[in-house]
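Coordinate inspection notes
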Amino acid sequence: MFNFIFARVRLIVVIVATLLTVAACGGSGGGGVLSLAGVGSGGTGIAVLTGFGSLIVDGMRRNDSAASYTSEAAQGPAIAIAPTGAMLGHSVEYWYDDSGNILSVLISPELAGTVTAVGTTSITLLGTTVDINIDATMGPATSFAGYASLADIQVGDRIEVHGLLKTDSLGTVHLQATLIVKKLPATGVRLTGYVAQYDAAAGTFALGSNVVTLGSATVGPAGSALSNGQLVTVWSNADPSGNAVTADTVRVKWPTGTSRNVTVSGAISSYAGAAGFRIRNMNVDASAAVVGPGGASLGDGKYVVVAGSFDAKSNRLTATSVTVFTPAAPTTVELHGTVANFVSAASFTVRGVVVDAGAATFAGGTALQLANGVFVEVHGAVANNLIRAATVAVHALTPLQAPAGSVLDVGGVIDTYDAATGRYTMTMASGAAIGGTLGPSMFYSNGTAVNFVPGQSVNVSGMFNGGMLSTSVVNFSQAPVAPGSGNTRMEGVVYNVKTSSFMLNGVTIQNNGVTIPGGGMMGGHGMMAGSRISVDVQLSNGQYLATAIRLLNG
């Protein structure tokens, strides 16, 4: 299905890229982020999500207004998900058209399983060392979901890891994490790496320290033949027996066919000069490529984005451009969207990403103007499970004044709805009305289409054009917070769950004796680290007290 979309990408000419150092606080971005803008015939990419506005992959801002999203995070085939399911640090494979617009995105984690060791700068699972990165010049810094930091990870935790496979001077492969997600207990594992010691007759191969048995496993995309050196992802519905893994599905992650336009990010290995090095085990010839920014050099361990033409038969990527991330142009985070979950300048979200702008420089407005619905542009750096904003540009004080083509996340109550046309109107918390239309491929959370009726409280996401919101996601919520009640509503992934308190979006919240539907504070099917919740809070004597807590789907 989606796994096989590589076969649909057209064959024409190589991608041409232009490196732009964008200005701080401007409409085109800032904070030292590099933009690699491709033109030409479209193609495929393997990257890390570093921002939203529409979608930013390794500093490249691409329009995803018509993109479909799927995820391999669960066991088995990829499933369709809402665009709002994409998270900072996700490993993705994407397909783009001849204008650079994204057609489809596949979220594809490298590892899923049980932690067997925790160190001061790394963890181990499935025999793979996973390094935590805090240096933005070496690639996207590690984000956490369901944890405050590395210190909270425990042996025996089940986690999902996205990241960059790196090969050291001894040839040992390890993973530099871009995102670590706390998962609920389950069986089965996922591992990604380079095929070695492939024995077709025995139906086995090595993946790191693991021995994979194919048995009756499905190998894709259709027509793929395994060989040593290939980058693959393996799913097993069973836990390993020692280092033995029985595969249920194996997917070759390289593009198939020949002469494909490809944009790939990763760390350089086996560097022998511009004409010979590797990215994700692809052989790269950058002898005729434009290397930027000016003065940047190539070498082992450097984090780069390479664009060019890939020939699968020879496993060679002929580069037309190479972007090297340096101290002058690191992989900073860029967010464009409406403020949500606002508690203070030090705790709010933009496009689902938690932001601390307590020490940020503001343009176009002030920190005092921040509130739910304000449209902002944020640039900053990952700090564990949130973004420390360096700059915040205020572009609009209400969603109705947001720039055309912006993606908005807006909460309110439905006033009118015409099922025949899909048009609706909604009153936002500010009292202002906004109109929208439900798109052809809708995603509903915590409810279904039948719940979309006047009087229902919702949060909607979509593209804003011509004063209308072309809606793609509807999240049904409880009754809106009453104006003047002193309550604030927050949603997100909970962590640091204790008997009487927990953390959400960088804020410590006291449980305050609130009963949680579905279970208690910890364990069972109640709230635990990694659960997605909605909580109403009230500030009292410097503490945030919960007045209602609800478990959410997704």
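Above this text is the structure in question.
Owing to the predicted nature of the structure, the values given are computational and were not obtained by experimental measurement.

This brings us to the overall build of the chain. In terms of helices and strands, the chain carries zero helices and 45 strands. Across the 554 residues in the chain, those meeting the buried criterion constitute 54%. Of the roughly 21,200 Å² that the chain leaves accessible, carbon and sulfur atoms contribute 55%.

This paragraph deals with the nonpolar core. If you look at the biggest cluster of nonpolar residues, it comprises 53 residues, and the most contacted ones within it are Ile123, Val161, Ile180, Phe205, Val232, Val234 and Val322. Per-element accounting of this core gives the leading share, four residues, to strand E29 (residues 316-324). Each residue touching Ile123, except ones within four places of it in the same chain, is listed here: Val115, Ala117, Val118, Thr128, Thr129, Val130, Leu150, Ile153, Ile159 and Ile180. Grouped together as the second largest cluster of nonpolar side chains are 43 residues, Tyr69, Leu164, Phe342 and Ala345 included.

Here we come to the packing of aromatic side chains. Across all of its chains, the model carries seven aromatic pairs by this definition. Measuring from centroid to centroid gives 5.3 Å for Tyr303 and Phe325, while their planes differ by 40°, and the two rings are tilted. Separated by 22 residues along the polypeptide, Tyr303 in strand E28 (residues 303-311) and Phe325 in the loop between E29 and strand E30 (333-344) bring together distant segments of the chain. Note on Tyr303: relative accessible area 0%, which makes it buried. Taking 6.0 Å as the distance between ring centres and 15° as the angle between the ring planes, the aromatic pair formed by Tyr444 and Phe476 counts as stacked. In this pair, Tyr444 sits in strand E38 (residues 433-445) while Phe476 sits in strand E40 (residues 468-476), placing the two residues 32 residues apart along the sequence. Note on Tyr444: relative accessible area 27%, which makes it partly exposed. Residue Phe476 is classed as buried on the basis of its relative accessible area of 5%. An aromatic cluster is built from Tyr417, Tyr424 and Phe452, whose rings are joined through pairwise contacts.

This brings us to the sheet that holds strand E44 (residues 532-540). The mixed open sheet is built from five strands, whose spatial order is E41-E44-E45-E43-E42. The open sheet terminates on both sides in strands that have one partner only, identified here as strand E41 (487-493) and strand E42 (501-504). Neighbour to neighbour, the strand axes of the sheet diverge by 45° on average, direction disregarded. Relative to strand E45 (residues 543-551), strand E43 (residues 507-510) runs parallel, the two being bridged by two bridges. Directly across from Ile509, in E45, lies its bridge partner Tyr544.

Our focus in this paragraph is empty space enclosed by the protein. Where empty space is left in the structure can be found by rolling a water-sized probe over the atoms. Following the criterion strictly, the structure yields three cavities of 30 Å³ or more and no others. Along its surface, the largest cavity is lined by 14 residues, and Leu165, Lys166, Tyr194, Ala267 and Arg280 are the ones closest to its centre. Contributing elements (two or more residues each) for the lining of the largest cavity: strand E14 (158-167), strand E24 (260-269) and strand E25 (277-279). Looking at which element gives the most residues to the lining of the largest cavity, the answer is E24, with five residues.

What follows concerns the pattern of salt bridges. Evaluated as defined, the whole model comprises nine salt bridges. A network of salt bridges, in which partner residues are shared, links Glu72, Glu93, Glu110, Arg190, Arg251 and Lys253.

What follows deals with the environment of Leu207. Turning to its location among the elements, Leu207 is positioned in strand E18 (residues 204-207). Here Leu207 falls in the buried class, since its relative accessible area comes to 4%. A C-alpha to C-alpha distance of 5.8 Å links Leu207 and Gly193, two positions 14 residues apart in sequence. Those residues in contact with Leu207 that sit more than four places away from it in its chain are Leu191, Thr192, Gly193, Tyr194, Val195, Val212, Val232 and Val234.

What counts, and where the lines are drawn
Residues numbered from 1 in each chain as written. Predicted model: local features only at pLDDT ≥ 70, side-chain atom pairs only at ≥ 80, totals over all residues. Heavy atoms only, no water. Helix = DSSP H or I, 4+ residues; strand = E, 2+ residues; numbered from the N terminus. Buried < 20%, exposed > 50% of the residue type's maximum accessible area, 1.4 Å probe, protein only. Areas by Shrake-Rupley, 256 points an atom, 1.4 Å probe, with all protein chains shown as cover. Core = buried A, V, L, I, M, F, W, Y, C linked by side-chain atoms within 4.5 Å. Contact = heavy atoms within 4.5 Å. Phe/Tyr/Trp six-rings, centres within 6.5 Å; stacked < 30°, edge-to-face > 60°. Pairing = 2+ DSSP bridges. Axes fitted to C-alpha atoms, helices over the stretch in contact; angles between N-to-C directions. 1 Å grid on protein atoms, 1.4 Å probe; cavity = no way out; pocket = protein on both sides within 12 Å on 5 of 7 lines; lining within 4 Å. Points joined across faces, edges and corners; volume = space filled by probe spheres on them. Salt bridge = Lys/Arg side-chain N within 4 Å of Asp/Glu carboxyl O.

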